[in-house]
Amino acid sequence: MTKKFFVAVMMLAMLFTSSIAFAAFEEMIEDDADITAVKKIAVAFPNYYKTEDTEPDIYDFAREVYNAGRFTSSREIIAYEDVVSSIRRDTGIDIHSLDVPEAEKVYKQYISKYADSYVIVTVTNSSKRPWLFFYIYNAADNKLMYTYSVQSNVLDKTTKDYGKAAEDFFKQFDTTAKRNLSKEERKALEEKQKAARIYKRHVEKVTYKTGKDKVDMVRKK
């Protein structure tokens, strides 16, 4: 069987240099993977190494991916640190005390208790423009389900741009999954997407007025 490929190229008109900037993404669904069954996505530890001062550290990067998902996706998104805390609570194992290979092994061993899938983001940033890859795995068997990659000549090595790329990934995943839904399921998904957009606008409004994320303010009480 052959894999299904979906490729899209978006053209964004830019005012500077009187040129057209190209942002291209590619997505792939693995054979027999049912991405419509994905309801809860956990953010795993990314494959990422900071190379520029403008880039976030690895924990801030993971948090940025989580924030992009909770503001954009119609699915439930679970932060990496929340999974780490749950594993520590349930097993006594502190992933932060382990080296990376062992931490990944423990994460994959227990992640199915907290989510039905997880996303690993890999960033290739050795050249001028970064290239981001988002891999969604089935939490039950750790098999790859879906891949999304993006590279653009307007994508910089900054927290803001990495966050925007993550938002685009979550949006595209919803769009692709929606193609195989029934009319009723599609309507329900669109309602969830609408609620996510309203929530994002509300949090941005609060952040603008107070300088703090309302969600973080509530968690710290």
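Each chain has its residues counted from 1, running along the sequence as written. Where local features are concerned, this predicted model is filtered to residues with pLDDT of at least 70; where side-chain atom pairs are given and counted, the filter is 80 or more; whole-chain, interface and lining totals use all residues. By convention in this description, side-chain values take in all heavy atoms of the structure and omit both hydrogens and water.

**Q** Break down the pairing of strand S3 (residues 40-43) for me, citing the residues and quoting the values.
**A** A pair of strands is treated as paired once DSSP finds two or more bridges between them. Secondary structure elements are taken from DSSP: a helix is a run of H or I of four residues or more, a strand is a run of E of two residues or more, and numbering for both begins at the N terminus. Direction of pairing for S3 relative to strand S4 (residues 76-78): parallel, over a ladder of three bridges. Bridge assignment links Lys 40 to a residue of S4, and that residue is Glu 76. You can see the chain leave S3, run along helix H1 (residues 58-72) and come back into S4, and the turn it takes is right-handed. The sheet contact formed by S3 and strand S5 (residues 117-124) spans three bridges and is parallel. Paired with Ile 41 across the strands is Ser 117, a residue of S5. Seen with its strands pointing away from the viewer, a crossover is right-handed if its path from the first strand over the helix to the second goes clockwise.

**Q** Give a detailed account of the pattern of salt bridges, specifying residues and quantitative values.
**A** We count a salt bridge whenever a side-chain nitrogen from Lys or Arg sits within 4 Å of a carboxyl oxygen from Asp or Glu. Enumeration over the complete set of coordinates arrives at 10 salt bridges. Residues Lys 157 and Glu 52 are paired through a salt bridge, measuring 3.9 Å at the closest nitrogen-oxygen approach. With Lys 157 in the loop between strand S7 (144-152) and helix H4 (159-178) and Glu 52 in the loop between S3 and H1, this residue pair connects regions lying 105 residues apart in the sequence. Through salt bridges with shared partners, a single network forms among Arg 89, Asp 90 and Lys 113.

**Q** Break down the confidence of the model for the protein chain for me, with residues and values.
**A** Mean pLDDT over the protein chain: 82, with 73% of residues reaching 70 or higher. pLDDT gives the predictor's per-residue confidence on a scale running from 0 to 100. When checking whether two residues touch, look at their non-hydrogen atoms; a contact exists if any pair is within 4.5 Å. In this model residues 1-21 is a low-confidence stretch, pLDDT under 50, and it forms 40 contacts with partners more than four residues away in sequence or in other chains. Contacts for the low-pLDDT stretch residues 204-210, under 50 throughout, to residues beyond four places or in other chains number six contacts.

**Q** Residue-level account of the nonpolar core, with values.
**A** Nonpolar side chains tend toward joint burial in soluble globular proteins. As used here, the term nonpolar core means buried Ala, Val, Leu, Ile, Met, Phe, Trp, Tyr and Cys residues forming a set that is joined through side-chain atoms within 4.5 Å. Exposure classes here rest on a 1.4 Å probe applied to the protein chains alone. A residue is buried below 20% of its type maximum, exposed above 50%, and partly exposed in between. Residues Tyr 107, Tyr 146 and Phe 169 are the most contacted members of the largest nonpolar core, which totals 51 residues. Per-element accounting of this core gives the leading share, seven residues, to H4. The contacts of Phe 169, once residues within four sequence positions are left out, are Val 119, Phe 134, Ile 136, Tyr 146 and Tyr 148.

**Q** Tell me about helix H3 (residues 100-110), residues and numbers included.
**A** When H3 is considered as a whole, its buried residues turn out to be Ala 103, Val 106, Tyr 107 and Tyr 110. Buried residues in H3, looked at end-on, bunch into an arc of 100°, giving them a common side. Seen from the buried face of H3, the exposed residues on the opposite side, beyond 90 degrees, are Pro 101, Lys 105 and Gln 109. Of the surrounding elements, those touching the buried residues of H3 are S3, helix H2 (80-91) and S5. By arc we mean the arc of the directions from the helix axis to the C-beta atoms, nothing more.

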